[in-house]
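# Per-entry structural report
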Amino acid sequence: MIVGCTFLGVPEARGEGVSSSSSKSWLSDIDVGLQAEGGAMGNSGHPKNGQNFGQLLPSYSGQPLLNQIALTVTKPVDPIGDGYGLGVNLQIIYGADARSYIISGISDRWMNNRNQLTPTVANVAVHMPWLTKNGLDGQIGILSSPMGVEVLNPASRAFYSMSYTAQYSNPFEHVGGYFQWHVTDQYAVLFGIDAGNQMSFGKGNNNGEPAGYVGFSGSSLAGGAVSFTYLLRVGPEDARRLLGTERAHSAQRFWNDLNATWQISPKWSLTGEVNQLHDEGLHANTWSGVVWGAYAATSTLTFNARGEVYRDSTGLLVAQYPDDQGYAHALLGLPARVYNAPPTTYGDFSLNAVWRPHVGHHVKLLQIRPEIRFDRSLNNTRPFADFSRRGRILFGGDITVGF
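In this text the structure is predicted, and so the values were computed from the model without any measurement.

Basis of the calculations
Residues numbered from 1 in each chain as written. Predicted model: local features only at pLDDT ≥ 70, side-chain atom pairs only at ≥ 80, totals over all residues. Heavy atoms only, no water. Helix = DSSP H or I, 4+ residues; strand = E, 2+ residues; numbered from the N terminus. Buried < 20%, exposed > 50% of the residue type's maximum accessible area, 1.4 Å probe, protein only. Contact = heavy atoms within 4.5 Å. Salt bridge = Lys/Arg side-chain N within 4 Å of Asp/Glu carboxyl O. Core = buried A, V, L, I, M, F, W, Y, C linked by side-chain atoms within 4.5 Å. Pairing = 2+ DSSP bridges. Patch = residues over 30% accessible without salt bridge, like charges linked within 9 Å, V, L, I, M, F, W, Y side chains within 5 Å. Areas by Shrake-Rupley, 256 points an atom, 1.4 Å probe, with all protein chains shown as cover. Lys, Arg positive; Asp, Glu negative; His and termini not counted. Charge placed at Lys NZ, Arg CZ, Asp CG, Glu CD.

On to the environment of Val-309, then. Secondary-structure assignment places Val-309 in strand S13 (residues 301-312). In this structure Val-309 comes out as partly exposed when scored by relative accessible area, which is 32%. Val-309 sits 64 residues away from Thr-245 along the chain, and the two C-alpha atoms are 35 Å apart. Residues contacting Val-309, with those up to four places away along its chain left out, are Trp-287, Ser-288, Gly-289, Thr-345, Tyr-346 and Leu-378.

Below, the structure written as C-alpha cells:
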C-alpha cells in the first residue's frame, strides 16, 4: 500500500518523537512544502444530477476538479531542554476537497464556491519525558483524525477514490488534543479529547459537548512486518437543531476502528480495516470491512487493489451533498439539499496503478494514478445513477505534483 511522502513534513498523529540533534538552532529545520492535486472520475451510469453518489472528493461525474493545493509549514519536534521537545505544524488547503474538510466556526464561511479554503493542520507538537523511557507525544490545536487508513493527503493513500468507511464511518478533522504514551518501544496507549468531528467551540459547535478517543497501537511486530491500531471514539455528534438540546447532548456516537498492515515482503503488502459505528440520536448503525493489497513492481510503480463491504442500516450515513455549502450546513443541522439511498449493503472493488517517476528540478513528487472502481448494492437497492441502478463503474484518476 502506498505510504506517505516525507516532503510534506506533517508528522502522523501516531507520534512524532524528538530529533537527536540538540546543537543546531531550533528554527534551522523548518520545512515548507507545496502540493497540488487534480483529477476526474467518469461514471458509467451518466447520472443526470451530475453526482458520483458515495464519493465526497471526486464527487462530480466526468468533471475535472482541482482537488487541492496544499501549503505545509512544519517545524519538527526538537529538544528544548530537560528531555522536552517542541514542534509546530501548519497546513492549509484550497480546492474542491476543502468543502468536505471544513471546520465549523473556523472555515465554514470563508468561501462558498466549489473551491474552498480550510486549515487541516494547525497545532503545536510536544514531547514530554514522562512515565516511561520513550515518554508522551502529543498534538494540540487543529489536527487530522487519527482514526482509519485513508487520509486526505493524496500522497499518503493508495487510491484517488475513497472507501465508504473512510468517508462515512471515520471522522475527518478535530480541534483539541491527541496523545500517545509510549509504554514500550513497540506499544503505545492512545487518547485525546476534542470539540467533535469538524467542530470548534462556541457557535462553531453543533451541540456544545466534547468527544474523545482511547485506544492502543503496536508497531514493528513480527520482526518489523506487522503494525496495528485500535481506536474507540465516543461523544455526541448530532446537531441540537435536529434533535433538540437535551437529546443532542446525551445521545452518543460510538466509533470503533481496528486496522493492521502486514509487509509480506519488500514487494507485497496487505492492509485490513474493520469498523463499526452506532449513533444513539439517529438510531443509525454501520459496519464495514476493507482490504488493500499492494505490489511494488519497481521503485517507481505500484499496483493496488481494494475491496470493501459496507452496511448502512438506515441510509442516513451514506449521503451526497450537491451544493457547495451543503456538507457544512448539514454538520450544523442547517437546511441542506442531501441525497440519501435506502438502507444498503455496498460492495466495491477498485484497481489502480501508482506511478512516481523521478523528475528532479525541485519537483519532489510527481504521482499519476489511473483507477477503475466497481460499486454494487448487495441487497437489491438502487443507490446509483439517480437511484435507478444497482451498480456503476467509476473510471479516471488524478495527478499530484509536490515541491
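This part covers the pattern of salt bridges. Going through the model one piece at a time under the given rule, you end up with 16 salt bridges. One salt bridge connects Glu-237 with Arg-233, and the closest N-O pair in it is separated by 2.9 Å. Take Glu-237 and Arg-233: they sit in the same class, and that class is buried. Close ionic contact of Asp-323 with Arg-337 constitutes a salt bridge, the shortest N to O distance being 2.6 Å. With Asp-323 in the loop between strand S14 (319-320) and helix H4 (326-331) and Arg-337 in the loop between H4 and strand S15 (339-340), this pair connects stretches of sequence that are 14 residues apart. Here the residues in one salt-bridge network are Asp-348, Arg-373, Asp-375 and Arg-392, joined through shared partners.

Before going further, it helps to spend a moment on the nonpolar core. With 30 residues, the main nonpolar core has Phe-53, Tyr-164, Tyr-310, Val-318 and Tyr-346 as its most contacted residues. Where this core is concerned, the elements lending two or more residues are helix H1 (164-168) and H4. Apart from residues no more than four positions distant in its own chain, Phe-53 is found in contact with Val-318, Ala-319, Gln-320, Tyr-339, Asn-340, Ala-341, Tyr-346, Pro-383, Phe-384, Phe-387 and Arg-392.

Residue Ser-220 is not a glycine yet carries a positive backbone phi of 55 degrees. Checked against the element boundaries, Ser-220 lands in strand S8 (residues 211-221). Of note, His-361 is a non-glycine position whose phi angle comes to about 55 degrees, a positive value. In this structure, His-361 sits in the loop between strand S16 (344-355) and strand S17 (365-377). For His-361, a relative accessible area of 72% corresponds to the exposed category.

For the rest of this paragraph, the subject is the pairing of strand S3 (residues 84-95). The alternating pattern of S3 places Gly-85, Gly-87, Asn-89, Gln-91, Ile-93 and Gly-95 on a buried face, while none of Tyr-84, Leu-86, Val-88, Leu-90, Ile-92 and Tyr-94, on the opposite face, is buried. Pairing geometry for strand S2 (residues 65-81) and S3, over 10 bridges, is antiparallel. If you follow Lys-75 over to S3, its bridge partner there is Val-88. Hairpin geometry of S2 and S3 is characterised by an intervening segment of two residues between the two adjacent antiparallel strands and by a positive phi of about 60 degrees at Asp-82. As paired strands, S3 and strand S4 (residues 116-128) are joined by 11 bridges and run antiparallel to one another. Across the sheet, residue Gly-87 finds its bridge partner in S4, namely Ala-125.

Turning our attention to the environment of Asn-304. Examined against the element boundaries, Asn-304 turns out to sit in strand S13. Given a relative accessible area of 5%, Asn-304 falls into the buried group. Placed 178 residues apart in sequence, Asn-304 and Val-126 show a C-alpha to C-alpha distance of 35 Å.

The next subject is the pairing of S13. Consecutive side chains of a regular strand alternate in pointing toward one face of the sheet and then the other. Inspection of the sheet shows strand S12 (residues 284-296) paired to S13 by 11 bridges, in the antiparallel sense. Paired with Ser-288 across the two strands is Tyr-310, which belongs to S13. Adjacent in sequence and paired antiparallel, S12 and S13 are bridged by four residues. Relative to S16, S13 is paired through 12 bridges, and the arrangement is antiparallel. What sits directly across from Arg-306, in S16, is Ser-350.

Along the polypeptide, Thr-165 turns up in helix H1. With residues near it in sequence (within four places) discarded, Thr-165 still touches Asn-170, Glu-273, Asn-275, Ser-288, Val-290, Glu-308 and Tyr-310.

The grouping of Arg-109, Lys-203, Arg-240 and Arg-241 at the surface amounts to a positive patch. On the secondary structure map, Arg-241 appears in helix H2 (residues 240-243). When its relative accessible area of 53% is taken as the criterion, Arg-241 is described as exposed.

A contiguous nonpolar surface patch, about 670 Å² in accessible area, is contributed by Leu-27, Ile-30, Val-32, Leu-34, Leu-66, Ile-69, Leu-71 and Phe-403. Those elements giving two or more residues to the nonpolar patch turn out to be strand S1 (31-43) and S2. Per element, the largest residue contribution to the nonpolar patch is three residues, and it comes from S2. With respect to the element layout, Leu-27 can be found in the segment before S1. Judged by its relative accessible area of 54%, Leu-27 falls in the exposed class.

Take the environment of Ala-195 next. Here Ala-195 is to be found in the loop between strand S7 (187-194) and S8. For Ala-195, a relative accessible area of 3% gives the class buried. Distance from Ala-195 to Leu-243, taken between C-alpha atoms, is 18 Å for residues 48 residues apart in sequence.

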